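Okay, here's what each chain looks like letter by letter:
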Amino acid sequence: METESEPYVRLATLRQLHQVMADMNTARSLADTLQTVADGVVTGLGFELACVNLVRPDGDLVVAAFSGNAAAEALITGRVGPRTSWDRRLTMGEAWGTLRFIPHNEGWILDEDDVPQWYTDGPAPRFEDEWHPADRLFAPMWATGRSGGELIGVLSVDRPRNGRLPGAWGREALQMYAFQAAIAISNARLRANMQRALVRLEREQQALRASEESFRQAFEYAPSGMAIAEMGGDQHGRILRTNDALCRLLGRPASAMRRYSFSDLVHPEDIGTLLRTSAEGGRAELRLGRRDNSYVWVSLRNSVVADAADGPRFLLTHVEDIEERKGRELQLAHRASHDALTGLPNSAELRARLSSRLCRRPQSTPAGAAESLDAAYGGPGLIAYEGPAPEFGALGDVPGLPVGGYDHHVHTVAPADDTDDGTKGLAVLFCDLDGFKSINDRFGHHTGDAVLIEVARRLTSGVRDGDTVARLGGDEFVVLADGLGRADAQDLAVRLRNAIIPPIRVDGRAVRVGASFGIGWAHCGMSAEEVLQSADQRMYIEKRSRAKQHRRAG
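Chemist: Looking at this structure, how should I read the overall build of the protein chain?
Modeler: When you go through the protein chain residue by residue, the secondary structure sums to 18 helices and 18 strands. In the protein chain, which comprises 554 residues, the proportion classed as buried is 43%. Restricting to contacts in the protein chain with at least 6 residues of sequence separation, those with at least 24 account for 60%. About 29,300 Å² of surface is accessible on the protein chain, with carbon and sulfur atoms providing 51% of the total.

If you want it as structure tokens, here you go:
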């Protein structure tokens with residue numbers, strides 16, 4: 001850089017600086033901008049060597065660009081200097097405005113530090129204003145353009161072409177250049193960040209579109225039913241979208257499905273199950289209505305499609321057809337609780353139904369307690385117990401009875417002994433066939449089985465809906481009939497006996513059996529076994545009280 005006494009040189013330098021700054025601002029990338037900054041020092045400011053040290057996110061400075069010497073460029077480009085070492089350099093030597101000059105007689109202590117640097121040879125200066133090969137000159141680049149702002153990098157320059165220390169004009173030009181370089185680097189960084197953000201946004205949008213397409217295909221072509229329903233608001237639960245599998249399962253077109261919610265389609269007996277199903281991760285097995293008014297068993301699994309800003313937005317429901325499995329389960333349950341030959345409830349099912357009507361509380365209860373509970377529930381029917389606390393643990397295996405009390409249990413009572421006082425109770429009719437063993441012995445088990453099947457049919461035809469006819473085992477049957485008085489139970493026994501007596505034709509042969517009935521009464525305070533034993537004993541009393549010819553039809 002020439003001295004300021006040569007105005008024509010300064011004018012030429014300004015033109016070069018103008019061109020270099022224009023090149024800095026038109027560079028396409030941050031790397032191009034950094035290299036343009038280094039090259040501009042060499043071409044526009046009259047230095048033979050220039051280095052751009054860029055501040056990294058961690059605060060250390062990396063050699064990002066070098067100009068003027070290919071060997072030095074290959075040696076130090078990409079190397080990193082600690083921020084503490086750079087802060088030390090920028091506080092040493094002489095302050096030339098925003099520049100920092102470290103003369104050779106002070107900078108020798110920096111020769112062995114950990115900042116990347118190069119070494120130049122040359123003769124020692126003969127004059128005071130000559131440049132020494134060990135002199136160092138740094139131009140900090142601040143984000144705000146002045147000292148005290150954010151440091152974004154440092155320009156290191158060496159070996160002025162005229163061999164002299166920069167004068168006032170040269171220093172001013174270098175400061176101005178560092179200021180413009182900081183702006184160019186900041187803009188380049190901003191552009192690079194924007195480009196990265198745009199690329200990232202485009203990738204995210206592509207990923208979102210790919211995810212939406214994957215979801216659409218998975219939703220539309222899933223082999224099991226899928227539905228999306230609204231969450232919250234007045235339209236909560238309304239179906240917004242269904243796939244083909246669900247439409248085929250329910251026999252309804254997609255346009256019609258959008259008029260319903262699952263609560264409109266569920267079986268009335270399963271509405272409670274649907275309401276108890278939690279929205280997120282909820283699962284339920286229930287029946288949904290088809291277009292032909294039939295119902296199909298399905299498994300519902302719910303999950304929430306959430307919006308990051310507004311919270312849950314939609315409910316995604318997976319509908320799986322479990323009709324076949326449910327049918328097998330119901331069939332197995334029926335087999336476990338019903339007699340294989342007659343199809344009647346078996347002994348275990350009979351005891352379960354009877355136990356569900358009984359509790360451990362004895363039938364006799366203080367009148368005051370009954371009256372108080374009648375008042376609480378608005379009428380008679382439920383009786384409280386004010387005696388010693390019952391053993392609730394013994395009630396846990398009684399179906400239908402809530403653990404911890406009798407709040408909703410209808411107390412079962414029995415009519416008074418030997419009189420019909422108008423009390424209605426649960427009658428237990430124990431039936432034993434007369435003459436069945438001889439039929440088995442004479443005609444074989446095939447005929448005996450046919451007789452049992454026909455007797456089961458006649459007993460079932462002779463009772464009311466809601467009564468239970470069960471096969472206890474062998475040729476023994478039990479009838480549970482609720483709401484009967486003593487006379488009603490005796491009349492029922494006579495009707496059933498008369499229904500059994502008519503001949504039964506098996507393989508063209510007519511056979512006849514009789515029946516003996518014992519009537520017992522179930523009431524709370526008894527176990528199911530005690531009730532059955534009582535009815536069984538009464539049956540044997542009744543059987544022994546009748547002559548043999550009257551006990552069997554032949």
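Once the structure has been displayed, the description carries forward.
Chemist: Sorry if this is basic, but what is going on with the pattern of salt bridges here?
Modeler: When their charged atoms lie close together, side chains carrying opposite charge are able to pair. One pass over the structure, following the stated rule, counts 28 salt bridges. Where Glu320 meets Arg301, a salt bridge forms, and the shortest distance between an N and an O atom there is 3.5 Å. Here Arg301 lies in strand β11 (residues 295-307) and Glu320 lies in strand β12 (residues 311-321), a separation of 19 residues in the sequence. The salt bridge partner of Asp432 is Lys543, with a shortest N-O separation of 3.0 Å. Here the residue Asp432 occupies a position in strand β13 (residues 425-434), and Lys543 occupies one in helix α17 (residues 528-545), the gap between them amounting to 111 residues. Each member of the pair, Asp432 together with Lys543, is buried.

Chemist: Looking at this structure, how should I read the environment of Leu354?
Modeler: With respect to the helices and strands, the residue Leu354 is situated in helix α12 (residues 347-355). Sequence spacing of Leu354 and Thr468 is 114 residues, and the spatial spacing of their C-alpha atoms is 9.8 Å.

Chemist: Just to check I follow, could you spell out the packing of α12 against α17 for this structure?
Modeler: Geometrically, a packed helix pair is captured by the angle between its two axes and the distance between the axes. Relative to each other, α12 and α17 sit at 110°, their axes nearing to 9 Å. What the angle tells us is that α12 and α17 run roughly perpendicular. Residues Leu350, Arg351, Leu354 and Ser355 of α12 form the contact with α17, whose own contacting residues are Ala528, Glu529, Val531 and Leu532.

Chemist: What is the right way to read the packing of aromatic side chains from this model?
Modeler: Two aromatic rings are characterised by how far apart their centres lie and by the angle between their planes. According to the stated counting rule, one finds five aromatic pairs in the structure shown. With 5.1 Å between their ring centres and 90° between their planes, Phe66 and Trp118 make a pair best called edge-to-face. Note that Phe66 is positioned in strand β2 (residues 61-67) and Trp118 in the loop between α5 (104-107) and β6 (136-142), a separation of 52 residues in sequence. Here Phe66 matches Trp118 in class, with each residue buried.

Chemist: Would you mind showing me how to read the pairing of strand β1 (residues 47-55) here?
Modeler: Put simply, side chains in a regular strand alternate between the two faces of the sheet. Among the nine residues in β1, eight count as buried, and that is most of the element. Strand direction decides the pairing type here: β1 and strand β7 (residues 151-160), joined by seven bridges, are antiparallel. Each bridged residue has a counterpart across the sheet, and for Ala50 the counterpart in β7 is Val157. Both β1 and β2 contribute to a ladder of six bridges, which runs antiparallel. Looking across to β2, one finds that Ala50 is bridged to Ser67. Between β1 and β2, which pair antiparallel one after the other, the connecting turn spans five residues, and Gly59 there sits at a positive phi close to 100°.

Chemist: Any chance you could explain the nonpolar core here in plain terms?
Modeler: Nonpolar side chains in soluble globular proteins generally cluster together in the buried interior. Of all hydrophobic cores here, the largest spans 34 residues; its most connected members are Val37, Val41, Val52, Leu137, Met141, Leu155 and Tyr177. Secondary-structure elements contributing two or more residues to this core are α1 (7-26), α2 (30-44), β1, β2, β5 (99-102), β6, β7 and α6 (168-220). No other element matches the nine residues that α6 contributes to this core. Residues contacting Leu155, with those up to four places away along its chain left out, are Val37, Val41, Cys51, Val52, Leu137, Phe138, Ala139, Met141, Tyr177 and Ala178. Counting 32 residues, the second-largest nonpolar core is a separate cluster that includes Phe436, Ala493, Ile500 and Ile519.

Chemist: I'm lost on helix α16 (residues 486-500) in this one. Help?
Modeler: The α-helix advances 3.6 residues per turn, and as a result positions three or four apart in sequence lie on the same side. For α16, with 15 residues, the first-to-last C-alpha span of 21 Å sits near the 21 Å given by 1.5 Å per residue. Along α16, the residues that are buried comprise Arg486, Ala489, Leu492, Ala493, Leu496, Arg497 and Ile500. Angularly, the buried residues of α16 cover 130° about the axis, an arc narrow enough to put them on a single face. Looking at the packing, one finds that the buried side of α16 touches β13, α15 (445-461), β15 (476-484), β18 (514-522) and α17.

Chemist: Explain the side chain of Lys326 to me, please; I cannot follow it from the model alone.
Modeler: The topology assignment puts Lys326 in helix α11 (residues 323-337). Here the side chain of Lys326 touches Glu285 through a polar contact of 3.1 Å, side chain to side chain. Not counting residues up to four positions away in its chain, the partners in contact with Lys326 are Glu285 and Trp297.

Chemist: Could you clarify how one ought to interpret the environment of Ile501 in this entry?
Modeler: Take Ile501: it is sitting in the loop between α16 and β16 (504-506). Between the C-alpha atom of Ile501 and that of Val511, which follows or precedes it by ten residues, the distance is 9.7 Å.

Chemist: Mind showing me how you'd approach the pairing of β5 here?
Modeler: Of the two faces of β5, the one carrying Leu99 and Phe101 and the one carrying Arg100 and Ile102 are both buried. Alignment of strand β4 (residues 94-96) against β5, held across three bridges, turns out to be antiparallel. Paired with Ala95 across the strands is Arg100, a residue of β5. Here β4 hands over to β5 after two residues, with Gly97 in that stretch at a positive phi of 70°. For β5 and β6, the ladder comprises three bridges, and the chain directions are antiparallel. Bridge pairing in β6 places Arg100 opposite Phe138.

Basis of the calculations
- For every chain, the first residue of its written sequence is number 1, and the numbers climb from 1 along that sequence.
- Totals for whole chains, interfaces and linings use every residue, but because this is a predicted model, local features are given only for residues with pLDDT of at least 70 and side-chain atom pairs only at 80 or more, for both listing and counting.
- Derived side-chain values reflect all non-hydrogen atoms in the structure, with water molecules and hydrogen atoms excluded from consideration.
- In this description a helix means any DSSP run of H or I spanning at least four residues, a strand means any run of E spanning at least two, and both kinds are numbered starting from the N terminus.
- Note on classification: 1.4 Å probe, protein chains only; a residue is buried when its accessible area is under 20% of the maximum for its type, exposed when over 50%, partly exposed between these limits.
- In this description, contact between two residues means that some pair of their heavy atoms is separated by no more than 4.5 Å.
- Each accessible area is a Shrake-Rupley result for a 1.4 Å probe, and residues are judged covered by the shown protein chains and nothing else.
- Salt bridge, as applied in this entry: a Lys or Arg side-chain nitrogen positioned within 4 Å of an Asp or Glu carboxyl oxygen.
- Axis definition: a line fit to C-alpha positions, over the contact stretch in the case of helices; interaxial angles, taken between N-to-C directions, run 0 to 180 degrees.
- When describing relative orientation, an angle under 35 degrees is termed roughly parallel and one over 145 degrees roughly antiparallel, while 65 to 115 degrees is termed roughly perpendicular and anything else oblique.
- Pairing of aromatic side chains here covers Phe, Tyr and the six-membered ring of Trp, requires ring centres within 6.5 Å, and sorts the geometry by plane angle: under 30 degrees stacked, over 60 edge-to-face, intermediate tilted.
- Whether two strands pair comes down to DSSP finding at least two bridges between them.
- What we call a nonpolar core is a set of buried Ala, Val, Leu, Ile, Met, Phe, Trp, Tyr and Cys residues that are connected through their side-chain atoms within 4.5 Å.
- Expected helix span is given by 1.5 Å per residue-to-residue step, counting one fewer step than there are residues.
- Summarising the geometry, the arc corresponds to the directions from the helix axis toward the C-beta atoms.
- In protein, a polar contact requires one atom able to donate a hydrogen and another able to accept it; more generally it is a pair of N or O atoms within 3.5 Å, and residues adjacent in sequence count only if both atoms are side-chain atoms.

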